[in-house]
Amino acid sequence: MRVLVTGGAGYVGSHAARLLARHGHDVWVYDNLSQGHRGAAPVDRLIVGHLSDRERLEAALSTNAIDAVMHFAAFTLVGESVTDPAKYYQNNVFGSFSLIESMRAVGVKRIVFSSTAAVYGQPESSPINEQAVLAPVNPYGFTKLSIEQLLLDYAAAYGFGFAALRYFNAAGAAPEGDLGEDHHPESHLIPLVLQVALGQRPHITVFGNDYATPDGTCIRDYIHVDDLAAAHIKALELLQPGVALRMNLGTGRGHSVQEVIEACRSVTGHPIPAVMGERRAGDPAELVADSRLAQATLGWTPQHTDLREIVASAWRWHSKHPQGYGDRHR
């Protein structure tokens, strides 16, 4: 299959693009490099462009005879989405609309969409299944839910086939140690803790230790980035006109902030000082995925469920590339 991966120079997108190629698919990456990195994309298959550029998108789709799209391109910082919602609606919603309309214009009707557990907001129970109420509590979550609804409508009206994959906490890095997380600013827990081990920050701040969890810190479901990529490929291969899939991706195992810090100490051999801070507004005590629907539908099972293994893969990347891809001032 000939696949265009939007946001394919970013964290999850780059891993998906590599795995697609290894599965025999013909892959092109479309990325504006505002968040992604040239070093994460195949040089001869990178198309630099914005989602708002319909002409460039349609040319990328038609010239390369694309059969399907994997759509990862989005802004993802929850806090920033609250302070600057216009940026998120413009890029995430209107950018996705531009992409999907470009697909419709050239007759490409299969898309796997990178959604998020943020569409659930603060669920009443955990683990979370797909029947949970969809009630985002921030603009980021609303933008992703809006795109899911757009795809539902396009499936019904125009015969699009889509999968919206709602994943929890992406983590880890490629086993080769040459692809990994490089966000600016960084907001994910594991790389933040590893930055302490690298001497790039003095300590890690734990936001609240009085939650109703075994050690008082928040619990999250950490899923390895290669497991996410594998699920996207299995979803892609199922898509047919009118098919509409919406499902969770996670391990079903929750780990607390304190457990993550301890795993990082164990893997790196560094003490990693931790400082207790106040709770952050809107942080649920526990977010763990019920991914049985995805496992049954896709024939997919997460292969990397041990927290130390996930941390070790991330440490391999960060210790080899302490400055990431080295293009922070691009």
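Residues numbered from 1 in each chain as written. Predicted model: local features only at pLDDT ≥ 70, side-chain atom pairs only at ≥ 80, totals over all residues. Heavy atoms only, no water.

Visitor: What is the right way to read the side chain of H25 from this model?
Guide: Relative to the assigned elements, H25 resides in the loop between α1 (11-22) and β2 (26-31). By relative accessible area, H25 is classed as buried at 12%. In this structure the side chain of H25 is engaged in a polar contact, spanning 3.1 Å, whose partner is the side chain of E237. (Helix = DSSP H or I, 4+ residues; strand = E, 2+ residues; numbered from the N terminus. Buried < 20%, exposed > 50% of the residue type's maximum accessible area, 1.4 Å probe, protein only. Polar contact = N/O pair within 3.5 Å; in protein donor to acceptor, adjacent residues only side chain to side chain.)

Visitor: Can you walk me through the pattern of salt bridges in this structure?
Guide: Two side chains of opposite charge can pair, provided their charged atoms sit close to one another. Applying the stated criterion across every chain, the model contains 14 salt bridges. Across the pair R2 and D26 runs a salt bridge whose closest N-O atoms are separated by 3.1 Å. Residue R2 is found in strand β1 (residues 2-6), and its partner D26 is found in strand β2; the two are separated by 24 residues along the sequence. Residue classification places D26 among the partly exposed residues on the basis of a relative accessible area of 25%. One salt bridge in this structure joins D26 and R45, with 2.9 Å as the shortest N-O distance. On the criterion of sequence distance, the pair formed by D26 in strand β2 and R45 in the loop between β2 and β3 (46-48) is long-range, its members being 19 residues apart. On the accessibility criterion, R45 (23% relative accessible area) is partly exposed. (Salt bridge = Lys/Arg side-chain N within 4 Å of Asp/Glu carboxyl O.)

Visitor: Just checking my understanding: could you explain the environment of G39 for this structure?
Guide: With respect to the helices and strands, the residue G39 is situated in the loop between β2 and β3. With a relative accessible area of 56%, G39 lands in the exposed category. It is 37 Å that separates the C-alpha atoms of G39 and G208, two residues lying 169 residues apart in sequence.

Visitor: Explanation requested: the nonpolar core in the structure shown.
Guide: One recurring pattern in soluble globular proteins: nonpolar side chains tend to sit buried together. Grouped together as the largest cluster of nonpolar side chains are 37 residues, with contacts concentrated most on V5, V12, L20, M70, V112 and L249. Only β1, α1, β2, β4 (68-71), β6 (161-167), α7 (225-238), β11 (244-249) and α9 (292-298) provide two or more residues apiece to this core. A per-element tally of this core places α7 first, with seven residues. For V12, the contacting residues outside a window of four places in its chain are F72, Y167, A170, V225 and L228. Within the second largest apolar cluster, 25 residues are counted, among which are L51, I111, F113 and L150. (Core = buried A, V, L, I, M, F, W, Y, C linked by side-chain atoms within 4.5 Å. Contact = heavy atoms within 4.5 Å.)

Visitor: What am I meant to see in the environment of G180 here?
Guide: Tracing the chain through its elements places G180 in the loop between β7 (169-171) and α6 (189-197). We classify G180 as buried; its relative accessible area is 3%. It is 23 Å that separates the C-alpha atoms of G180 and A164, two residues lying 16 residues apart in sequence.

Visitor: Even after reading the chapter, I still don't get the layout of surface pockets, so can you show me in this structure?
Guide: In this approach, a probe sized like a water molecule rolls over the atoms, and the result shows the empty space that is left. Empty space within the second largest pocket amounts to approximately 240 Å³. Around the second largest pocket, the lining comprises 14 residues; the ones closest to its centre are A17, R18, A40, A41 and P42. Listed by contribution, the elements that provide at least two residues to the lining of the second largest pocket are α1 and β2. Per-element accounting of the lining of the second largest pocket gives the leading share, four residues, to α1. Split by residue class, the lining of the second largest pocket holds seven nonpolar, three polar and four charged. (1 Å grid on protein atoms, 1.4 Å probe; cavity = no way out; pocket = protein on both sides within 12 Å on 5 of 7 lines; lining within 4 Å. Points joined across faces, edges and corners; volume = space filled by probe spheres on them. Nonpolar A, V, L, I, M, F, W, Y, C, P; charged D, E, K, R; others polar.)

Visitor: Sorry if this is basic, but what is going on with the packing of helix α8 (residues 257-268) against helix α10 (residues 307-320) here?
Guide: A pair of packed helices is captured by two measures, namely the crossing angle of their axes and the spacing between those axes. At their nearest, the axes of α8 and α10 sit 9 Å apart, and the two run at 60° to each other. If you check the angle between α8 and α10, you find them oblique. For the pair α8 and α10, the sense of crossing is right-handed. Contact with α8, carried on its side by E259, V260, A263, C264, S266, V267 and T268, involves L307, R308, V311, A312 and W315 of α10 and no other residues of that element. (Axes fitted to C-alpha atoms, helices over the stretch in contact; angles between N-to-C directions. Parallel < 35°, antiparallel > 145°, perpendicular 65-115°, else oblique. Left-handed = near helix turned anticlockwise from the far one by under 90°.)

Visitor: What exactly am I supposed to notice about a nonpolar patch on the surface here?
Guide: A contiguous nonpolar patch, built from Y89, F94 and F142 and spanning about 290 Å² of accessible area, is present on the exposed surface. Mapped onto the fold, F142 is located in helix α5 (residues 139-158). Residue F142 is classed as partly exposed on the basis of its relative accessible area of 38%. (Patch = residues over 30% accessible without salt bridge, like charges linked within 9 Å, V, L, I, M, F, W, Y side chains within 5 Å. Areas by Shrake-Rupley, 256 points an atom, 1.4 Å probe, with all protein chains shown as cover.)

Visitor: I keep staring at the pairing of strand β8 (residues 204-207) and nothing clicks. Help me out?
Guide: In summary, the side chains of a regular strand alternate between the two faces of the sheet. Burial along β8 is one-sided: I204 and V206 are buried, and none of T205 and F207, which face the opposite way, are. Relative to strand β13 (residues 274-277), β8 runs parallel, the two sharing four bridges. The residue of β13 that forms the bridge with I204 is A274. (Pairing = 2+ DSSP bridges.)

Visitor: I tried to follow the sheet that holds strand β14 (residues 286-287) on my own but got confused; where do I start?
Guide: Whenever strands of a sheet pair, they do so through backbone hydrogen bonds, lying parallel or antiparallel. With mixed pairing, the three strands of this open sheet are ordered in space as β12-β9-β14. For this open sheet the edge positions go to β12 (255-256) and β14, each flanked by a neighbour on one side alone. Note: strand β9 (residues 219-220) against β12, two bridges, orientation antiparallel. Bridging from a neighbouring strand, I219 pairs with S256 of β12.

These figures capture arrangement, not role.
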